[in-house]
Each structure stands twice: as structure tokens, then as C-alpha cells.
Amino acid sequence: MESFNKLPFKLKKNFFYAGIGNRKTPFKEIEEMKRIAKRLEKRGYTLRTGDATGADQAFRDAVEIKEVFSAKDATPYTIDVAREIHPAPDSLSPYVLKLQARNCFQIFGINLDDPIDFVICWTPDGMEHHDKRTRRSGGTGQAIDMASRKNIPIINLKNKGWEKKLDQLVNDSEQMDLF
């Protein structure tokens, strides 16, 4: 993983997060994503997401301040990273490989030098760590995989206790409850 290993670890809080997930995220979680995004924006956080329907769209539509990435943003370097991280890169069409590559920007920023504080997502399998990736993790699994390998926290709305986990991450030293 020569290319991926060059990407930075999160060193400081920067008020960026990735709001991502499955295109078929259930309605209840879509509504929760919108609520979370609005509250995080009020707290000074900037969303990073993709241009997909479903979860990405829920996050995007809820906020004004955002960075949205698409397959056309992929570069030769991010394509190399995508190939290194994806469990079966040769099975991907060129377009899907570019979708996987754009996930680098969601996690590391447009210059690939500013990792997010955390990921908020929904996947059918509840993935929160790279060693738990399954086919059901879908394309979101790529971003979770990269974030997990760089010790960036993942909050998957599929799992119980996500509210407390997110509240601790957002508030760290503050005494206000976000959720």
C-alpha cells in the first residue's frame, strides 16, 4: 500500500467530517442524517461527501457549507490508492474505480493533506473498521476502510450507541449535549 501509506493520519481537530452511506439508506436514517448535518453545521463543521443519491444527498441537502466530490475528481494518484485499498479492484469498471478513488477526497480533503475528524455513515452491515468490510459495506466501505486505517473514528447509524459516540467526539471538552 505504497500510495495509501503516504496519506496522513489525523493529527488535530479540523471541523471536517464525512457524511456518507448507502444509496438505499432507510428513511429513518436519512432523516437522522439531515438532523445531524444541520446540527454539525451550526457547530462549525464542514461536510465532505459524494454526489450520490441516498445518504450523500441527505447530508448535502441539509447544509450550506460542504465539499462535494464526484468520480470526475479522481486523479491517477487517488486511483492508485483505490486499487490498493479495494479488495477486488480488477472487478471494478473504470467509472466505479473512479467513484472509489473520489472517496480519498472525502477522507483527506482536496489536497489529500487534511484528514477529517470522523465519518458518519450507514451501511447494511454496520461496518466501522477495515477488518469488518463485507460485500454489504458497498462503496461506502472504501471510505470507511481508509478512515479506519488512519485511526479516524467511524459512527455507523446502523449500530446501537452511535449517539453517545458522536456526542463524545463532537463535544470532547465541551459540556453541551449535541444529541
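In case you missed it, the structure is sitting above this.
Residues numbered from 1 in each chain as written. Predicted model: local features only at pLDDT ≥ 70, side-chain atom pairs only at ≥ 80, totals over all residues. Heavy atoms only, no water.

Draft legend 1. The overall build of the protein, seen in detail. When helices and strands are tallied, the protein shows seven helices and five strands. The helix and strand sequence of the protein, counted from the amino end, reads α-β-α-β-α-β-α-α-β-α-β-α. Counting only C-alpha atoms, the protein reaches 45 × 35 × 30 Å along its principal axes. For the protein, buried positions account for 53% of its 179 residues. (Helix = DSSP H or I, 4+ residues; strand = E, 2+ residues; numbered from the N terminus. Buried < 20%, exposed > 50% of the residue type's maximum accessible area, 1.4 Å probe, protein only.)

Draft legend 2. Quick peek at the pattern of salt bridges. Going through the model one piece at a time under the given rule, you end up with nine salt bridges. Asp 51 serves as the salt-bridge partner of Arg 102, at 3.0 Å between the closest nitrogen and oxygen. Of the two residues, Arg 102 is situated in helix H5 (residues 94-108) and Asp 51 in the loop between strand S2 (46-50) and helix H3 (55-62); the sequence distance between them amounts to 51 residues. By relative accessible area, Asp 51 is classed as partly exposed at 39%. Lys 165 is the partner of Glu 128 in a salt bridge, and the nearest nitrogen-oxygen pair spans 3.2 Å. One end of the pair, Glu 128, is in the loop between strand S4 (118-121) and helix H6 (140-149); the other, Lys 165, is in helix H7 (residues 162-171), and 37 residues separate them in sequence. (Salt bridge = Lys/Arg side-chain N within 4 Å of Asp/Glu carboxyl O.)

Draft legend 3. Region of interest: the sheet that holds strand S1 (residues 16-19). The strand order across the open sheet formed by five strands is S3-S2-S1-S4-S5, and the pairing between neighbours is parallel. The outermost strands of the open sheet, each flanked by one partner alone, are strand S3 (66-69) and strand S5 (154-156). Pairs of neighbouring strands in the sheet enclose a mean axial angle of 20°, with direction left out of account. With three bridges joining them, S1 and S4 adopt parallel strand pairing. (Pairing = 2+ DSSP bridges. Axes fitted to C-alpha atoms, helices over the stretch in contact; angles between N-to-C directions.)

Draft legend 4. Quick look at the packing of helix H4 (residues 76-85) against H5. Close contact between H4 and H5 brings their axes to 8 Å; oriented N to C, the two are set at 105°. The orientation of H4 relative to H5 falls into the category roughly perpendicular. Residues Thr 78, Ile 79, Val 81, Ala 82 and Arg 83 of H4 form the contact with H5, whose own contacting residues are Leu 97, Lys 98, Gln 100, Ala 101, Cys 104 and Phe 105. Of the residues assigned to the contact of H4 with H5, the class counts are seven nonpolar, two polar and two charged. (Parallel < 35°, antiparallel > 145°, perpendicular 65-115°, else oblique. Contact = heavy atoms within 4.5 Å. Nonpolar A, V, L, I, M, F, W, Y, C, P; charged D, E, K, R; others polar.)

Draft legend 5. Looking closely at the pairing of S3. Bridge count for S2 against S3 is four bridges, and the pairing is parallel. In the strand pairing of S3, Leu 47 is matched with Lys 66. Taken together, S2, H3 and S3 form a β-α-β motif whose crossover is right-handed. (Right-handed = clockwise from strand over helix to strand, strands pointing away.)

Draft legend 6. Structural detail: unusual backbone geometry. For Leu 112, which is not a glycine, the phi torsion comes out positive at approximately 60°. Residues other than glycine seldom take positive phi values, yet Asn 151 does so here, at roughly 60°. Here Asn 151 is to be found in the loop between H6 and S5. Owing to a relative accessible area of 61%, Asn 151 belongs among the exposed residues under this scheme.

Draft legend 7. The layout of surface pockets, seen in detail. Put simply, the largest pocket is a space of about 570 Å³. Lining the largest pocket are 25 residues, and of these His 86, Gln 100, Gly 138, Gly 139 and Thr 140 sit closest to its centre. Mapped by element, the contributors of at least two residues to the lining of the largest pocket are H5 and H6. Counting residues per element, the lining of the largest pocket draws most heavily on H5, at six residues. For the lining of the largest pocket, the residue count by class is eight nonpolar, twelve polar and five charged. (1 Å grid on protein atoms, 1.4 Å probe; cavity = no way out; pocket = protein on both sides within 12 Å on 5 of 7 lines; lining within 4 Å. Points joined across faces, edges and corners; volume = space filled by probe spheres on them.)

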